[in-house]
Amino acid sequence: MKGDAKTKISYLILGFGQMVRGQWVKGIAFLTTEILFILYMVKFGGTYLSKITTLGTVETYKEGRKTVYGDNSFHILLFGILTIIVIIAFICIWYLNIRDNLKAEALLKQGKKLPSNTKVLRSLLDENFDKTLMTLPVAGVFLFTVIPIIFMICIAFTNYDAKHQAPANLFTWVGLDNFKELLSFGTQGMGMTFFKVLAWTVTWAFFATFIDYFLGLAVAMLINKKEIKLKKLWRTILVLTIAVPQFVSLLYVMKMFANDGLINGYLMKWGWISSPIPFWVDPMLSRVMIIVVNIWIGIPYLMLITTGLLMNIPSDLYESARVDGANSWQAFIHITLPYMLFVTGPFLLTQFTGNLNNFNVIYLLTQGRPQSINLANNAGSTDLLVTWLYKMTINDSNYRMAAVIGIMVFIVTAVVTMVVYNRLPSVRDEEGFQ
Amino acid sequence: MNSEKKIRSGMKKKKIFGTVMAYAVLIIISIIWLFPFVGLTLQSFRSYDPNVEYGGMVDYLIPKHFSLDNYRFLFSGETNYLIWYRNTLVIAVFVSILQTIVILCVSYALSRMRFKGRKLLMRFWLILGMFPGFLTMICLYFLLKQFGLTQAGAIPGLILVSVASSGMGYYVCKGYFDTIPKALDDAARIDGASRARIFLTMIIPMSKPIIIYTALVAFMAPWCDYIFASYVAFGHDASYNVAVAMTRWVWTNDYQGYFTRFCAGGILVAIPVTILFMALQNYYVEGVTGGAVKG
Amino acid sequence: MKKKVLSMLLTAVVAGSLLAGCGGSSAAAPVQEAPAEEATEAAAEETEEKEEVAEEAAEETAEEAGEEAAEEEKPSATVGDGSAGDIKVWVADAVVDFTAKEIEKFFEANPDYAGYKVTVEAVGEGDAAGNMITDVEAGADIYAFPQDQIARLVAAGALETVNPDVLDAVKSENDEGSIKAATVGSELYAYPLTSDNGYFLYYDKSVVSDPSSLETILADCEAAGKSFYMEINSGWYQTAFFFATGCDLSYETDNDGNFTKANVTYASENGLNALKAMIGLNESKAFQNGSAIGEATNLAAIVDGTWDSSAAQEVFGDNYACAKLPTFKDASGKEYQMSGFGGFKLLGVKPQTEEDKLAVCDALAYYLAGGEVQIDRYKEVGWGPSNIEAQNSEDVKSDAALTALAEQLTYTIPQGQYPGDYWTLATSLGDSVRNGELSSSSSDDELMDALSKFQESCESYVQ
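Residues numbered from 1 in each chain as written. Chains lettered and ligands numbered in written order. Predicted model: local features only at pLDDT ≥ 70, side-chain atom pairs only at ≥ 80, totals over all residues. Heavy atoms only, no water.

1. A look at the overall build of chain A
The number of helices and strands found in chain A is 18 helices and two strands. Relative to its length of 434 residues, chain A is extended, with a C-alpha radius of gyration of 30 Å against a globular reference of 22 Å. Each of the three principal axes of chain A carries a C-alpha extent, and together these read 90 × 75 × 35 Å. Counted over contacts in chain A with a minimum sequence separation of 6, partners at least 24 positions apart contribute 65%. Averaging the positions of the 36 positive and the 25 negative side-chain charges in chain A gives two centres separated by 5 Å. (Helix = DSSP H or I, 4+ residues; strand = E, 2+ residues; numbered from the N terminus. Rg over C-alpha atoms; globule rule 2.2 N^0.38 Å. Contact = heavy atoms within 4.5 Å. Lys, Arg positive; Asp, Glu negative; His and termini not counted. Charge placed at Lys NZ, Arg CZ, Asp CG, Glu CD.)

2. Re the interface of chain A and chain C
Contacts between the two partners involve 52 residues from chain A and, on the opposite side, 60 residues from chain C. Carbon and sulfur atoms make up 53% of the area that chain A and chain C hide from each other, which totals about 4,800 Å². At the junction of chain A with chain C, the criterion picks out three salt bridges. Of the charged contacts in the structure, one is a salt bridge between C:Glu160 and A:Lys62, with a shortest N-O distance of 2.5 Å. Taken together, chain A and chain C are joined by six residue pairs in polar contact (both at pLDDT 80 or more). Looking at the side of chain A that touches chain C, the elements with two or more residues in it are α3 (24-50), β1 (61-63), β2 (66-68), α4 (73-109), α6 (129-155) and α16 (385-396) of chain A. (Buried area = accessible area lost by both parts, 1.4 Å probe. Salt bridge = Lys/Arg side-chain N within 4 Å of Asp/Glu carboxyl O. Polar contact = N/O pair within 3.5 Å; in protein donor to acceptor, adjacent residues only side chain to side chain.)

3. Some details on the environment of C:Phe242
Residues and elements named next belong to chain C. The residue Phe 242 is located in helix α10 (residues 235-242) in this model. Classification of Phe 242 as buried rests on a relative accessible area of 0%. On a C-alpha basis, the gap between Phe 242 and Leu 364 in space is 39 Å, while along the polypeptide they are 122 residues apart. In this structure, Phe 242 is in contact with Cys 247, Tyr 266, Gly 271, Ala 274, Leu 275, Met 278, Leu 429 and Leu 451, ignoring residues within four places of it in sequence. (Buried < 20%, exposed > 50% of the residue type's maximum accessible area, 1.4 Å probe, protein only.)

4. As for a negative patch on the surface
Residues and elements named next belong to chain C. A contiguous patch of negative charge on the surface is contributed by Asp 445, Glu 446, Asp 449, Glu 456 and Glu 459. Within the secondary structure, Glu 446 sits in helix α19 (residues 444-460). Since its relative accessible area comes to 46%, Glu 446 is described here as partly exposed. (Patch = residues over 30% accessible without salt bridge, like charges linked within 9 Å, V, L, I, M, F, W, Y side chains within 5 Å. Areas by Shrake-Rupley, 256 points an atom, 1.4 Å probe, with all protein chains shown as cover.)

5. So, the interface of chain A and chain B
If you look at the interface, chain A gives 101 residues, while chain B gives 98 residues. Between chain A and chain B the total buried area reaches about 8,700 Å² when both faces are included, carbon and sulfur atoms providing 80% of it. Looking only at chain A, the three residues that lose the most surface to chain B are A:Phe144, A:Phe247 and A:Tyr252, adding up to 9% of its buried area. The interface formed by chain A and chain B holds one salt bridge in total.

6. Here's the deal with the pairing of strand β3 (residues 116-122) of chain C
Residue and element names in this part refer to chain C. Burial runs high along β3: six of the seven residues are buried. Alignment of strand β2 (residues 85-91) against β3, held across seven bridges, turns out to be parallel. Within β3, the position partnered with Ile 87 by the bridge is Val 118. On the question of chirality, the crossover connecting β2 to the parallel β3 by way of helix α4 (residues 96-109) is right-handed. (Pairing = 2+ DSSP bridges. Right-handed = clockwise from strand over helix to strand, strands pointing away.)

Fair warning: the whole summary comes from geometry, so function is off the table for now.
And the structure:
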């Protein structure tokens with residue numbers, strides 16, 4: 001314990017030193033935090049924290065016809081995590097408080113004046129403006145993103161499923177059992193299915209990203225041609241798919257291609273086919289359809305993006321190419337494409353990882369169907385890992401396995417990102433720019 | 001002279017042919033792109049009244065009788081359609097405004113200020129973004145419930161969740177701020193302007209396109225929010241948004257023959273979003289292009 | 001101009017709320033921040049609201065949304081003042097008004113229960129179970145659900161057993177199948193509501209000449225270029241084939257909703273015959289997969305239930321007809337009568353922490369599932385009663401769809417308890433048939449292999 005008496009008291013009573021030294025704004029802020037923290041721990045957090053190792057032991061029981069609920073494992077885990085985060089945050093603040101005290105002490109010893117209260121407040125709009133700007137957003141992310149993610153990671157190590165649901169039943173820690181189950185092969189095991197779904201997820205992301213990219217580029221170049229009039233009209237038509245909410249357009253498209261839908265109906269009426277084309281029934285065909293429909297959604301984005309970028313390519317590059325006798329295809333291969341790939345490298349990467357988790361398109365079009373007797377845990381042929389895990393939670397309340405798959409999705413995404421990101425030429429250059 | 005002319009006219013012919021082909025491709029593309037929307041619109045004018053026409057799925061495109069029954073139904077108050085619509089609009093407006101504010105704050109701090117843990121924070125947020133969000137919904141539901149922001153309070157709850165985690169979407173906006181020369185800031189600081197003043201009176205007025213882009217993207221997202229909104233609002237019809245309420249008309253057996261009503265409702269949802277989007281399209285292009293380059 | 005206004009507005013708003021929102025202490029702990037954030041939002045909302053409303057006329061209504069929504073909701077209905085507490089009731093959209101009316105009658109007849117505020121919400125029966133399981137606490141106190149969800153609900157602790165005082169009455173008043181459906185282990189967990197969750201054949205008289213044979217129906221449909229609908233990738237409709245050939249598929253449960261034993265004989269000669277019949281159906285040109293008239297096109301015949309009878313009358317008009325399910329033939333020419341499930345809708349009460357409220361909920365649920373209300377419900381929306389007396393009433397007996405159903409029910413098996421996984425597994429089997437993984441060109445071994453996998457999976461759900 002360093003510092004004088006005022007500082008030492010501040011080890012216990014936060015903000016004491018500051019208040020005694022006249023910095024009551026800071027002092028009150030620290031003290032309020034401490035009081036709130038203590039209140040939180042006593043009134044709310046403490047009980048949850050004490051049970052987090054077992055996730056509750058008191059069973060729900062009946063008293064006559066009345067139900068008396070026991071421990072709620074879900075709440076214990078959730079608020080236990082919250083409490084741990086709160087404690088860590090408090091320790092940080094406590095440390096800041098001590099550091100601030102020591103600093104003030106040193107300043108006074110050197111005979112300098114402490115900054116006045118108004119100055120402290122004003123600094124929040126100037127040199128400490130970052131604290132003002134970042135506090136709420138960072139806290140928001142912690143409360144509504146970080147805690148839920150920690151929670152879900154924890155769920156992967158519990159037996160929280162249909163048979164162990166709060167509040168009527170308890171669940172508890174089970175270690176690595178769920179991971180073992182995921183990698184179990186054999187007739188009932190999930191292993192084969194997991195890898196099949198994973199393979200389709202990656203295939204889908206690959207096609208969805210690159211087909212859209214090249215077609216979008218092609219359409220953008222087409223509209224950019226000098227001879228084409230009404231450029232704005234063409235772009236506007238395409239952009240409709242971005243503007244109309246997907247739940248409207250995709251659900252309609254889904255119905256349109258149904259076995260008894262509009263497309264099959266007309267084709268049969270015109271006598272082109274005798275039995276409906278099973279767009280959403282055949283596993284292969286439905287996969288192709290999803291990629292095709294995704295082109296319909298994806299091209300407009302890519303067109304917008306590439307249109308702007310194409311204009312940035314210095315036109316003298318093309319001029320000199322033409323002088324050298326290159327035709328337009330050669331110009332595209334040697335100038336346009338390298339430039340575009342260079343500039344949009346990071347974007348393609350985020351597109352790819354985004355498509356790995358592209359829930360809406362799959363769910364609104366097929367909900368992962370068609371299913372197959374050859375896939376375990378009700379996976380379907382068009383299921384991505386994310387839609388599969390979503391269905392697991394909704395239909396089967398199988399949270400533990402869903403959490404395991406969630407972690408796997410994270411690992412896949414993170415590995416792809418890390419391997420590719422550092423190899424992107426534009427990233428290395430941008431680093432220099434920054 | 002003569003031969004050159006010939007070559008030119010040959011090239012001209014080739015060019016004309018190319019142009020015609022280009023137009024043909026564009027027209028075909030436009031038909032494909034517009035077809036579902038035309039279909040949607042036509043279906044929305046098919047009556048669901050059995051005496052006039054049949055309201056379920058049919059295998060023809062053009063209604064036999066033109067009718068406004070579906071729209072009348074939506075406005076009649078038989079369902080909560082107007083409330084759902086209003087809910088979605090309220091969410092979209094507030095999310096759009098608040099999210100823009102949060103993103104501007106975060107982007108400015110990350111672009112202009114150098115504080116401890118800045119790099120760490122950015123990397124941490126990047127990693128967070130790789131977790132699939134669907135799993136966290138049940139957890140968010142119970143967190144919101146603790147604040148009383150589910151079911152009846154679902155709308156502020158939905159706004160809160162979208163806004164609270166929006167800080168992580170700073171990339172595009174920060175990229176834009178990075179392109180504003182720092183020399184401007186330095187000059188203003190020498191003149192005695194505080195950071196806050198620079199932010200409010202210099203940077204923000206210069207960032208009109210990116211502000212509009214951010215607000216537009218944020219405004220459009222809630223119209224599609226089906227999954228999380230259904231989680232938070234379940235069992236409370238008056239808290240649904242259009243997506244939650246109307247997907248029932250397609251997916252649930254309780255609502256047979258609602259297909260044309262779904263189409264009509266969808267059209268009404270699409271109109272304002274589309275108009276807004278079209279009006280602000282240029283800003284959107286600027287935003288996505290900038291975002292694509294920055295990654 | 002509009003763009004300019006919008007951007008200026010945004011700037012102003014950003015500026016305004018920054019001052020309001022970011023002035024707080026930077027040293028606050030997360031505990032404090034969550035509410036603080038809300039407060040900030042509220043503050044920001046207030047200042048922004050007026051400008052926004054001016055900006056877009058359509059948003060005029062926006063600001064009252066929060067407060068007013070409660071009074072305006074249409075499909076939900078409220079009864080009573082709420083001095084003693086709230087009771088939430090979930091029923092399908094079609095019967096919300098009806099249920100609210102009946103609840104009013106109930107409180108008129110039982111003034112000593114008064115003081116509860118009852119809210120009726122439209123929550124589809126399929127969604128009800130999922131929502132109840134997500135959060136029992138926020139779920140309804142009384143809710144209707146299809147019987148296939150009962151084991152899942154019991155396991156999740158979302159169902160209270162039927163009040164012992166009326167247990168015998170409920171058991172004697174309702175048909176045997178419905179009681180079996182509402183029983184898990186040896187406990188009765190729910191009040192039977194309807195006994196019409198079975199399926200039969202709706203058809204177009206002008207197209208289908210003889211509804212008693214599947215082969216004829218398909219031939220007629222093919223000749224007329226029309227469709228025959230049956231949802232073969234549903235575990236519910238699929239059993240029409242398997243039970244017809246004599247396969248068994250049933251589970252035994254304990255009182256907590258756990259499955260203790262599976263009796264499955266799909267991997268057998270009988271199962272093979274059934275599967276082949278399904279494949280044969282799937283390969284007919286006239287076949288379409290589906291069981292909702294609202295979504296069917298070019299329809300000539302459909303395997304569907306009573307809930308679609310009005311839709312069927314609409315579609316077929318004067319040619320509306322219904323009958324029991326047809327027969328089908330196997331390769332050797334042996335004929336089987338299609339069977340299937342007879343299912344039930346149930347009304348459940350959530351476990352309660354207060355005795356008084358439980359007593360009201362029990363009484364209310366018993367009333368809503370009672371014979372008279374069942375007759376009224378039939379008159380209102382056409383749901384076939386499970387109450388024996390109601391079944392024998394004149395109105396019910398003269399209903400064509402219900403008569404067809406009653407005839408079909410003699411061939412069916414009352415649906416017992418099945419694990420949730422069974423339904424999705426059956427969808428997988430059906431999808432495998434539909435997408436041609438299992439087709440008429442598959443060898444018997446391949447088909448048998450699929451059936452063995454199916455049976456193994458079914459057995460694996462027992463723990």
